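# Structural overview
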Amino acid sequence: MNEGEAVLHICCAPDATVPWRTLADEGLNVTGFFYGNNIHPIEEWERRRDAVIKLAGIYGMNVTTAEYNSGEWFDETALLADEPEGGKRCAECFRLQLSAAAKFAARCGASYLCTTLTISPRKNPSLINETGRAVCESLGIGIKWMPRIWRKNDGFKASAALSKSFGLYRQNYCGCEYSVREAPVKSPKGDFAVWERRAG
Ligand code: SF4
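Predicted model, so just to flag it, every value in this text is computed and none were measured.

What follows concerns the pattern of salt bridges. A complete count under the given rule lists seven salt bridges for this structure. With its nearest N and O atoms 2.9 Å apart, the salt bridge here joins Arg47 to Glu44. Placement of the pair is Arg47 and Glu44 together in helix α2 (residues 42–59), with a separation of three residues, close to one helical turn. With relative accessibility at 39%, the residue Arg47 sits in the partly exposed group. Of the residues examined, Glu44 reaches a relative accessible area of 2% and is grouped as buried. One salt bridge in this structure joins Arg95 and Glu92, with 2.7 Å as the shortest N-O distance. Of this pair, Arg95 and Glu92 both sit in helix α4 (residues 88–108), three residues apart, roughly one helical turn.

In a regular helix each residue adds 1.5 Å, so 21 residues correspond to 30 Å; α4 covers 30 Å between its end C-alpha atoms and thus fits that length. Gly109 sits one or two residues past α4 and shows a positive phi near 75°.

Relative to strand β4 (residues 110–115), strand β1 (residues 2–10) runs parallel, the two sharing five bridges. Counted as the bridge partner of Leu8 is Cys114 from β4. Note: β1 against strand β2 (residues 29–34), six bridges, orientation parallel. Bridge pairing in β2 links Ala6 to Val30. In this view, the connection linking β1 to its parallel neighbour β2 by way of helix α1 (residues 13–25) has right-handed handedness.

Before going further, it helps to examine the site of the ligand. For the ligand, the full set of nearby residues is Asn38, Trp73, Glu85, Arg89, Cys90, Cys93, Phe94, Cys174, Cys176 and Ser179. Among the elements that line the shell around the ligand, the one with the most residues is α4, at four residues. Classifying every residue of the shell around the ligand by side-chain character gives six nonpolar, two polar and two charged.

Rules behind the numbers
- Residues numbered from 1 in each chain as written.
- Predicted model: local features only at pLDDT ≥ 70, side-chain atom pairs only at ≥ 80, totals over all residues.
- Heavy atoms only, no water.
- Salt bridge = Lys/Arg side-chain N within 4 Å of Asp/Glu carboxyl O.
- Helix = DSSP H or I, 4+ residues; strand = E, 2+ residues; numbered from the N terminus.
- Buried < 20%, exposed > 50% of the residue type's maximum accessible area, 1.4 Å probe, protein only.
- Expected span 1.5 Å × (residues − 1).
- Pairing = 2+ DSSP bridges.
- Right-handed = clockwise from strand over helix to strand, strands pointing away.
- Near = heavy atom within 4 Å.
- Nonpolar A, V, L, I, M, F, W, Y, C, P; charged D, E, K, R; others polar.

Below, the structure is given as structure tokens:
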């Protein structure tokens with residue numbers, strides 16, 4: 001296991017702007033890991049993947065993107081289709097995303113694992129951090145979970161500003177097919193206040 005090596009689970013490029021740079025500034029060698037099996041449809045997954053690769057280039061960081069296998073994600077969440085955003089389906093979705101990231105961290109020999117998910121104002125950071133800790137412990141090889149809450153100290157606002165300055169693609173729904181139904185209609189004028197309030 002390599003001290004100083006960390007894996008950052010990346011849900012999307014805008015959410016990674018602040019965490020990726022912050023962890024690197026703390027002296028860690030941070031490899032990004034984009035999972036994305038929760039994202040629907042594949043064209044949207046491609047847009048988000050390409051944005052993550054673009055951000056990696058801007059920051060000069062390494063990144064790995066998993067193969068797209070949405071069937072696996074749908075199988076695991078099928079019985080939770082009617083859950084509202086923020087409910088049990090999201091808890092299972094976090095577990096699937098972070099389990100995949102923990103396995104990747106194990107393959108890399110990384111000592112630490114963190115996620116970008118806690119920058120979103122719409123997600124439960126306690127649940128995300130509990131899930132991350134549990135998946136790391138379940139591997140039993142000593143990967144340490146980094147329980148950050150990135151949205152603190154205006155982290156989300158900072159991520160929105162950085163995304164805009166880098167010209168990163170930003171989505172208006174969380175990711176899965178079910179979350180599309182809860183997506184806002186994007187302002188025709190590109191009203192950033194509306195976008196920022198509901199995105200991520
Ligand atoms: S709304 Fe987001 S977190 Fe919840 S299940 Fe869908 S993709 Fe996952």
